[in-house]
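Listed below, chain by chain, are the residues.
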Amino acid sequence: MNTILRRSVLGFAGLALSTGVVAGPLDTLTDTTPAAAAVQVAKPDTGTLIPHGTQGEQSRIDLGDEQTGNVKAIIEATKKAGMDERAAVVAIATSLQESKLENLGHLGDRNDHDSQGLFQQRPSSGWGSVEQITDPEYSTTAFLKGLKQVEGWQELPLTEAAQKVQVSAYPFHYAQWETQAADLVAEHWTS
C-alpha cells in the first residue's frame, strides 16, 4: 500500500476512533428522550403533602437511624397499601406524636394501658397481637386500614383524620408534626 494512502487511512481511522470515544459518552450524558425523562421521579410537592395548611405551632425532633428506618417502613407500607403521599404524611405525623417514630414495647408503669409500637396500638382494642403491632409494616397497614375507613379522610385536616383512627384523649396534638412528616415524605418517598 502506498505510504501516503496508508497514512491517510490511519489518520481517518484515528480521527473516527477519537471522535467516537469523545462523542459516545457525551451522547449518553445528554440523553433527553422521553424514555430517559420517565425514569426520573419527581418528589412530592408541599401542596400534595399539606393540602389544607398546617394547624398551630409545629414541632420537630432530630431522628436517629432507627427512626429514619421506621419512616421508610411507613412509606413502603403506604405504597404497598396503594395509598398516596398524603396518607404517608398522616401516618408519619401520627407516629411522631404517639412514639416519636420509635417502635416502643411495653413501658411498665409509664405505659398507656397496653399500647405499644409506632402507633401505640392496643392489643386489647383489637389492633393485633403484641408481635403484630410492634412490626412496623403490620402496624402501619393496620393504621392505614383504619384511615381508609374514614369517609373523606383526604379532605380532612391531618389532626382530624388521625384522630378518627386513633381516638386519642389529645386529638389536636397530631397537628404539630405535619411539617416534619411532610418533609420526611418528600425526602424518602422516591428513595
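Residues numbered from 1 in each chain as written. Predicted model: local features only at pLDDT ≥ 70, side-chain atom pairs only at ≥ 80, totals over all residues. Heavy atoms only, no water.

Explain the overall build of the chain here, please?
A tally of regular secondary structure across the chain gives nine helices and zero strands. A sequence separation of at least 24 residues applies to 63% of the contacts in the chain between residues at least 6 apart. A total of about 11000 Å² of accessible surface is found on the chain, and carbon and sulfur atoms cover 54% of it. (Helix = DSSP H or I, 4+ residues; strand = E, 2+ residues; numbered from the N terminus. Contact = heavy atoms within 4.5 Å. Areas by Shrake-Rupley, 256 points an atom, 1.4 Å probe, with all protein chains shown as cover.)

Explain the environment of His188 here, please?
In this fold, His188 is placed in helix H9 (residues 178-188). Among the residues examined, His188 registers a relative accessible area of 9% and is labelled buried. Put simply, His188 and Ile75 are 113 residues apart on the chain and 7.7 Å apart in space, counted from C-alpha to C-alpha. Non-local contacts of His188, meaning those with residues more than four positions away in its chain, are made with Thr68, Val71, Lys72 and Ile75. (Buried < 20%, exposed > 50% of the residue type's maximum accessible area, 1.4 Å probe, protein only.)

When you look at the pattern of salt bridges in this model, what are you seeing that I'm missing?
Any two side chains of opposite charge can pair if their charged atoms end up close together. On inspection of all chains with the given rule, the structure shows four salt bridges. A salt bridge links Asp183 to Arg60; the nearest nitrogen and oxygen atoms lie 2.5 Å apart. Linking Asp183 in helix H9 with Arg60 in the loop between helix H3 (46-49) and helix H4 (65-80), this pair joins segments that are 123 residues apart in sequence. When its relative accessible area of 37% is taken as the criterion, Asp183 is described as partly exposed. For Arg86, the salt bridge goes to Glu178, with nearest N and O atoms at 2.7 Å. With Arg86 in helix H5 (residues 85-99) and Glu178 in helix H9, this residue pair connects regions lying 92 residues apart in the sequence. (Salt bridge = Lys/Arg side-chain N within 4 Å of Asp/Glu carboxyl O.)

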